[in-house]
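Understanding the architecture of this molecule
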Amino acid sequence: MTSPLVGVLALQGDFADHQRSLAGFGLRTRQVRTPAELDGIDALVLPGGESTTMLRLLAVEGLFGPLGEVLHRDIPVLATCAGLILLADRVENPVQRSYGLLPITVVRNGYGRQYHSGTFPLESDVLPSGTTGTFIRAPRITAVTGDCEVLARRDGDPVLVQKGRLLGACFHPELAPGHPVTARFAGMVGADRGTVGGRTESRVAGSGFAVRDVPFG
Ligand code: GLN
């Protein structure tokens, strides 16, 4: 039996780290840059990066509409940071176009810009204790306006939310030791659980992930 195929939007941003993280859970991945590359995927990841650039490239590639159709198919979706912004019902700072599938309001760069980026403890009943989140010019969820479960908070703010099969994070789960949010997503996809390779973890822990080196918005 082949493992499920996860499409990873690869127009821009942190898609490669998501692919490595997903592979650690035994999932196959495919980079998605064109409508044809959406065919046959079982789940989708919208990575962090720069949401305005992604919106521009989605339009240029003729991908905005086809991606929207796939998002409405009720497949598991992991949307992180800029990806979360794309799914939000309302985007502020400034107002911009979005798919409106998660009933939340997000403020872009709501935790300040690069200087305020970093790794912070999360409060959660569903993630292992001690789980942290790396926030990079992250969106801030300022309102949950509908039926949406809050799975984790940072200093009381919602930072990990789930509505049905849509899982959205303000931070970068693909950079976390042990990858607990990706593990939850892998469970949703129905993958056989694998272990996250020591290489990935030591790369993140050992390199002292430096947020200033991350070349996106
Ligand atoms: N600041 C970016 C935006 O508004 C998101 C940052 C990220 O994805 N790490 O699109």
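So, here's what we can say about the structure. For every chain, the first residue of its written sequence is number 1, and the numbers climb from 1 along that sequence. In keeping with the predicted nature of the model, local features appear solely for residues at pLDDT of at least 70, side-chain atom pairs appear and are counted solely at 80 or more, and the whole-chain, interface and lining totals rest on all residues. Side-chain numbers here rest on the full set of heavy atoms in the structure, without hydrogens or water.

A short note on the overall build of the protein
- Strands here mean DSSP runs of E at least two residues long; helices mean DSSP runs of H or I at least four residues long; both are numbered from the N terminus. Of the regular secondary structure elements, the protein holds six helices and twelve strands.
- The burial tally for the protein puts 56% of its 217 residues in the buried class.
- Reported accessibility uses the Shrake-Rupley method at a 1.4 Å probe radius. Residues are deemed covered only where the shown protein chains occlude them. Carbon and sulfur atoms make up 49% of the accessible area of the protein, which totals about 9100 Å². We call a residue buried when its accessible area falls under 20% of the maximum for its residue type, exposed when it is over 50%, and partly exposed in between, using a 1.4 Å probe and counting protein chains only.

Overview of the side chain of Thr-80
- Note that Thr-80 resides in strand β4 (residues 77–80).
- Overall, the relative accessible area of 0% leaves Thr-80 in the buried class.
- Any pair of N or O atoms that falls within 3.5 Å is considered a polar contact. Within protein, one atom must be able to donate a hydrogen and the other to accept it, and sequence-neighbouring residues count only if both atoms are side-chain atoms. At 3.2 Å, the side chain of Thr-80 forms a polar contact with the backbone nitrogen of Gly-48.
- By definition, residues are in contact when any of their heavy atoms lie within 4.5 Å. The contact partners of Thr-80, leaving out residues within four places of it in the chain, are His-18, Leu-46, Pro-47, Gly-48, Ala-169, Phe-171, Pro-173 and Glu-174.

Thoughts on the nonpolar core
- Grouped together as the largest cluster of nonpolar side chains are 66 residues, with contacts concentrated most on Leu-9, Leu-44, Leu-58 and Leu-87.
- Considering each element in turn, this core owes the most residues, six residues, to helix α5 (residues 180–189).
- Once residues within four sequence positions are removed from consideration, Leu-87 is found in contact with Leu-46, Leu-71, Val-77, Ala-79, Tyr-99, Gly-100, Leu-101, Leu-102 and Leu-166. Nonpolar cores were defined as sets of buried Ala, Val, Leu, Ile, Met, Phe, Trp, Tyr and Cys residues, with membership established by side-chain atoms within 4.5 Å.

Here's the deal with the sheet that holds strand β6 (residues 102–107)
- Taken in spatial order, the three strands of this open sheet run β5-β6-β9, and their pairing is mixed. The outermost strands of the open sheet, each flanked by one partner alone, are β5 (88–92) and β9 (140–144). When the angles between neighbouring strand axes are averaged without regard to direction, this sheet yields 30°.
- Relative to β9, β6 is paired through four bridges, and the arrangement is antiparallel. Bridge pairing links Ile-104 to Val-144 in β9. DSSP calls a pair of strands paired once it identifies at least 2 bridges connecting them. As a rule, the C-alpha atoms of each element are fitted with a line to give its axis, helices using only the stretch in contact, and angles between N-to-C directions run from 0 to 180 degrees.

So, the sheet that holds strand β12 (residues 166–169)
- Judged by pairing direction, the sheet is mixed, and its seven strands sit side by side in the order β2-β1-β3-β4-β12-β11-β10 without closing on themselves. Each edge of the open sheet carries a strand with a single partner, namely β2 (28–32) and β10 (149–154). Taken pair by pair, the neighbouring strands of this sheet meet at an average axis angle of 20°, ignoring direction.
- Set on the sheet, helix α3 (residues 64–71) makes contact with β1 (5–9), β3 (43–46) and β4; between it and β3 the angle comes to about 125°.

With respect to α3
- Burial in α3 covers these residues: Phe-64, Leu-67, Gly-68, Val-70 and Leu-71. What you see down the axis of α3 is that its buried residues fit within an arc of 160°, all on one side.
- The secondary structure elements touched by the buried residues of α3 are β1, β3, α2 (51–60), β4 and α4 (82–87). Relevant arc is that of directions from the helix axis to the C-beta atoms, nothing else.

Considering the environment of Pro-35
- You can see Pro-35 is positioned in the loop between β2 and β3.
- A relative accessible area of 32% means that Pro-35 is categorised as partly exposed.
- Sequence separation of Pro-35 and Leu-63 is 28 residues, and the distance between their C-alpha atoms is 5.6 Å.
- Residues contacting Pro-35, with those up to four places away along its chain left out, are Glu-61, Gly-62, Leu-63 and Pro-66.

Remarks on the pattern of salt bridges
- Salt bridges are defined as contacts in which a side-chain nitrogen from Lys or Arg sits within 4 Å of a carboxyl oxygen from Asp or Glu. Summed over the entire model, instances satisfying the criterion amount to four salt bridges.
- Put simply, Asp-17 and Arg-20 hold a salt bridge, and the shortest N to O gap is 3.0 Å. Placement of the pair is Asp-17 and Arg-20 together in helix α1 (residues 15–23), with a separation of three residues, close to one helical turn.
- Notably, a salt bridge pairs Asp-157 with Arg-140, separated by 2.8 Å at the nearest N-O pair. Remark: Arg-140 occurs in strand β9 and Asp-157 occurs in strand β11 (residues 157–163); sequence separation between them is 17 residues.

Points about the packing of aromatic side chains
- Two aromatic rings from Phe, Tyr or Trp, using only the six-membered ring of Trp, form a pair when their centres are within 6.5 Å; if the ring planes differ by under 30 degrees the pair is stacked, by over 60 it is edge-to-face, and anything between is tilted. Following the criterion strictly, the structure yields four aromatic pairs and no others.
- Between Phe-120 and Phe-135, the ring centres sit 5.9 Å apart and the planes meet at 75°, which makes this aromatic pair edge-to-face. One end of the pair, Phe-120, is in strand β7 (residues 118–121); the other, Phe-135, is in strand β8 (residues 132–135), and 15 residues separate them in sequence.
- Residue Phe-120 is classed as partly exposed on the basis of its relative accessible area, which comes to 24%.
- Take Phe-135: its relative accessible area is 1%, and that puts it in the buried class.
- Against the face of Phe-64 rests Arg-97, its NZ or CZ located 3.7 Å from the ring centre.
- By definition here, charges over rings are those cases where NZ of Lys or CZ of Arg is within 6 Å of the ring centre and within 35 degrees of the ring normal. When the ring centre of Phe-120 is taken as origin, the NZ or CZ atom of Arg-154, which lies over that ring, is 3.6 Å away.

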